[in-house]
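One-letter residues, chain by chain:
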Amino acid sequence: MQFNDECREIVQSASGSEDPMQIPISSKSPRSTQVHGKGSPVNHDRQSRSPIDGRPKKGGCGGKGTWGGLLDTDSSYALDPNDPNYDSSEEYGHPNARKSAPDFDAFKKKATIIVEEYFATDDVDSATNELKELAMPSYNYYFVKKLVSMAMDRHDHEKEMAAVLLSALYADVIDAPQVYRGFSKLVESADDLIVDIPDTVDILALFIARAVVDDILPPAFLKKQIALLPNDSKGVEVLERAEKGYLAAPMHAEIIERRWRVSKKTVEDVKARINNLLIEYVTSGDKKEAYRCIKDLKVPFFHHEIVKKALVMAMERRQAEDRLLDLLKEAAEEGLINSSQITKGFDRMIDTIEDLSLDIPNAQRILKSLISKATSDGWLCASSLRSFSLEPRKKLLEDNFTRTFKLKSQSIVQEYFLTGDISEVFSCIEAENKTSSGELNAIFVKRLITLAMDRKNREKEMASVLLSSLCFPADDVVNGFVMLIESADDTALDNPVVVEDLAMFLARAVVDEVLAPQHLEEVGSQFLGTDSIGGKVLQMAKSLLKARLSGERILRCWGGGGSSRPGWAVEDVKHKIGKLLEEYESGGDIREAYRCIKELGMPFFHHEVVKKAMVMVMEKKNERLWGLLAHCFGSGLITMNQMTKGFSRVEESLDDLALDVPDARKQFLAYVEKAKTTGWLDSSFHYGNSINGKDNGACQ
């Protein structure tokens, strides 16, 4: 009797009805309690729930880290083929669901192992290959669900890793419908997830927003899912938070993509902690404390930095060599630092030995000795290391003068970051590169950006400003970026987001018109394949440049932009442009107008100057502003690219302009031809043809 009462309470709480026989039976809700014959109701609920509050029991399907209930499908649940609502694909997403249950259970276990190993190793390729080897594409939605749900209960680093892996798997391994279904299951299970993860709404909303930004989930997903969920479910809150809190925010793509990313400050902090623990170990000799500190770092994917710093310290402090090697040996034997990280640490030493030799004259001999000792002690496989006799890519880099220039370039850049004195940089480069060698210019570009990438946004902004001020030939800048991308694999060991940083620097160079858009193809031609570092950098740079308001976003990416007020809104700039043009048109000085345009510090936005000036010329039939444009173009302040954009924007607004200026189209066509004659526009400029087409259509 007591059992029946409890069953009735559960049924009533699930249905909101006092009569258990009135519960609606739906094929979309296989967990509903159904009555078979005259016996007691058979509970098909797939998760163990407390009779008190209905929440998952910690020892059952629910509980922290287990993601039970809606997230998991318990193999003990059996569908009844005689049920009129029976759907064979309901439970496992497979036509032969009942026969596939054992396969699905095996997939769930293997998927969990893959995710755990991925979080431990940060190896995207390995996780991808392992998922491919499972060869069960119809269950991949569960992998999406498992990956995200496990990441939700971990640190930001694992959340970022999960987002990166999803993007890598999308289309190639997991098709779009499976990704869609995986996120649908997550949203449906938000009410259960929040039991163990109090901030589920915000975290899951951010995962969904990130998936939309990464183009692996369509924006329509949000509205479609909201329509399928009860109004009071947490899933609705998740979707509303994703849409209004993240996707509707200004510059949402940049904010979302950088939310979980390991910041430079964090990487620098980890490096500092590694350095401190090694110094303390050398002083105290306490291995247990050193091991505890290494474990507390919780960065197994970054243990190669421990190996590298320990080797450098052993080379600098010869008396501590045996103690440091002993630490690495035992860490390797106990599995604290795996063999892959040991090899990577030694490889990094080999890559930087040339620079180390400048401070440690016998660095090569010492490193060979360290490799020999580690190999003989059995904790290093020498055959897996890179060749020690490194051949420089270019003969020029072997030149002592060039090596000296690299060192002086580093000093010049470091001093610039302290003082911000661009004129001093000019003087130093002229003194060191008297022949204006293109190779040396490229080396300076590489050194400037490399040093900036390892610092904060302030230095990145300063580097971009300096690059646009140096006026190096575009070919030299292209070669500098090629050299940067060639060394990106090594840079990535210190800078996990090197691809994103290089792409942003490359896109910023285009926005600042240091490079032309066609130079991107020149950079990309050096690196075949979209999977290469160069291919990824090029693809990301193009994506950044194609985005809406890309110029404004890219110019503000590091909080600068060259103006004295980096926080200027676009509307403020438009207002200032309108004011300076009005002042000049009413009798102002052309030099003052030119100075005001230049002081805006927004070369990417000069098309607004062109547009406003052309509209005023056509409205007032006064060509005084045409003269200002001619002066700006002749001095190089306004480029052909900005002229083209400006004329294009005028063409787009001709319908509205014609309401106040009836002959606007006729005037515009005349000015287009005049601009082509003076060289402002390329002869292939096609807007005149499109306008003629519109006029002809209007006449008909």
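If you check an unreviewed UniProt entry, the protein appears there as MA3 DOMAIN-CONTAINING TRANSLATION REGULATORY FACTOR 2 isoform X2 from Gossypium hirsutum. On record in UniProt, under Sequence similarities (unreviewed entry), the comment for the protein is "Belongs to the PDCD4 family." Under the UniProt heading Subcellular location (unreviewed entry), the entry covering the protein gives this text: "Cytoplasm".

1. What to know about the overall build of the protein
Scanning the protein from terminus to terminus reveals 35 helices and zero strands. Taken over 700 residues, the protein has a buried fraction of 46%. Counting only contacts in the protein whose residues sit at least 6 apart along the sequence, the fraction spanning at least 24 positions is 72%. Carbon and sulfur atoms make up 50% of the accessible area of the protein, which amounts to about 34,600 Å² in all.

2. Here's the deal with the pattern of salt bridges
Throughout the structure, instances matching the rule amount to 26 salt bridges. For the salt bridge of lysine 408 with glutamate 432, the shortest nitrogen-to-oxygen distance reads 3.3 Å. Here the residue lysine 408 occupies a position in helix α18 (residues 400–419), and glutamate 432 occupies one in helix α19 (residues 422–432), the gap between them amounting to 24 residues. With relative accessibility at 36%, the residue lysine 408 sits in the partly exposed group. Residue glutamate 432 is classed as partly exposed on the basis of its relative accessible area of 23%. Between lysine 674 and glutamate 623 there is a salt bridge, with its nearest N and O atoms 2.9 Å apart. In this pair, lysine 674 sits in helix α34 (residues 664–678) while glutamate 623 sits in the loop between α30 (606–620) and α31 (624–635), placing the two residues 51 residues apart along the sequence. With relative accessibility at 31%, the residue lysine 674 sits in the partly exposed group. Salt bridges here are not isolated pairs; linked through shared partners, they connect Glu160, Arg210 and Asp214.

3. Focus: helix α13 (residues 287–297)
Restricting attention to buried positions, one finds in α13 the residues Lys287, Ala290, Tyr291, Cys293, Ile294 and Leu297. Along the axis of α13, the buried residues cluster in a sector spanning 160°; they form a single face. Opposite the packed face of α13, turned more than 90 degrees from it, sit the exposed residues Lys288 and Lys295. Directly after α13, the chain includes lysine 298, whose backbone phi takes a positive value near 55°.

4. Structural notes on the nonpolar core
Phe444, Ile449, Phe481, Leu502, Leu581, Leu629 and Phe647 are the most contacted members of the largest nonpolar core, which has 95 residues in total. Sort the elements by how many residues they give to this core and helix α24 (residues 498–511) lands first, with eleven residues. Not counting the four nearest positions on each side in its chain, leucine 502 is found in contact with Ile449, Met453, Phe481, Leu484, Ile485, Ala488 and Val537. Counting 59 residues, the second-largest nonpolar core is a separate cluster that includes Ile114, Ala162, Phe207 and Ala211.

5. Some details on the packing of helix α22 (residues 474–486) against α24
Look at α22 against α24: their axes get within 11 Å of each other, and the N-to-C directions meet at 170°. One finds that α22 runs roughly antiparallel with respect to α24. Residues Phe481, Leu484 and Ile485 of α22 form the contact with α24, whose own contacting residues are Leu502, Phe505, Leu506 and Ala509. Residue composition of the contact of α22 with α24, by class: seven nonpolar, no polar and no charged.

6. Some remarks on helix α5 (residues 156–169)
For α5, with 14 residues, the first-to-last C-alpha span of 20 Å sits near the 20 Å given by 1.5 Å per residue. For α5, the tally of buried residues reaches ten of 14 residues, placing the bulk of the element in the interior. Along α5, the residues classified as buried are His157, Glu158, Lys159, Glu160, Met161, Ala162, Ala163, Leu165, Leu166 and Leu169. Directly beyond the C-terminal end of α5, a positive phi value near 75° is found at alanine 171.

7. Digging into the confidence of the model for the protein
Looking at the protein, the pLDDT average stands at 76 and 76% of residues meet or exceed 70. Helix α35 (residues 687–699) is the least confidently modelled element of the protein, averaging 41 in pLDDT, while helix α4 (residues 140–152) averages 95, the highest of any element. Note that pLDDT drops below 50 for residues 561–568; the model gives that stretch 20 contacts with residues more than four away or on any other chain. Counting contacts from residues 689–700, a segment whose pLDDT is below 50, to residues more than four positions away or on other chains yields ten contacts.

8. What to know about the packing of aromatic side chains
The tally for this structure, following the rule as stated, stands at 14 aromatic pairs. Considering the side-chain rings of phenylalanine 104 and tyrosine 139, the 4.9 Å spacing of their centres and the 65° angle between planes classify their relative orientation as edge-to-face. On the criterion of sequence distance, the pair formed by phenylalanine 104 in helix α2 (residues 97–121) and tyrosine 139 in the loop between α3 (124–134) and α4 is long-range, its members being 35 residues apart. Their ring planes at 80° and their centres at 5.0 Å tell us that tyrosine 180 and phenylalanine 221 sit as a pair that is edge-to-face. Taken together, the residues span a long stretch of sequence, with tyrosine 180 in helix α6 (residues 176–188) and phenylalanine 221 in helix α9 (residues 220–228) at a distance of 41 residues. Members of the aromatic cluster, connected to one another through ring pairs, are Phe104, Phe107, Tyr139, Tyr141 and Tyr142.

9. A short note on unusual backbone geometry
We note that alanine 171 has phi near 75°; this positive angle belongs to a residue other than glycine. For alanine 171, the location among the structural elements is in the loop between α5 and α6. We classify alanine 171 as exposed; its relative accessible area is 52%. One non-glycine residue, lysine 621, lies in positive phi territory at about 50°. When you line up the elements, lysine 621 lands in the loop between α30 and α31.

What counts and how
Residues numbered from 1 in each chain as written. Predicted model: local features only at pLDDT ≥ 70, side-chain atom pairs only at ≥ 80, totals over all residues. Heavy atoms only, no water. UniProt positions renumbered as here; feature names shortened; annotations may be inferred. Helix = DSSP H or I, 4+ residues; strand = E, 2+ residues; numbered from the N terminus. Buried < 20%, exposed > 50% of the residue type's maximum accessible area, 1.4 Å probe, protein only. Contact = heavy atoms within 4.5 Å. Areas by Shrake-Rupley, 256 points an atom, 1.4 Å probe, with all protein chains shown as cover. Salt bridge = Lys/Arg side-chain N within 4 Å of Asp/Glu carboxyl O. Arc of directions from axis to C-beta. Core = buried A, V, L, I, M, F, W, Y, C linked by side-chain atoms within 4.5 Å. Axes fitted to C-alpha atoms, helices over the stretch in contact; angles between N-to-C directions. Parallel < 35°, antiparallel > 145°, perpendicular 65-115°, else oblique. Nonpolar A, V, L, I, M, F, W, Y, C, P; charged D, E, K, R; others polar. Expected span 1.5 Å × (residues − 1). pLDDT = per-residue confidence, 0-100. Phe/Tyr/Trp six-rings, centres within 6.5 Å; stacked < 30°, edge-to-face > 60°.

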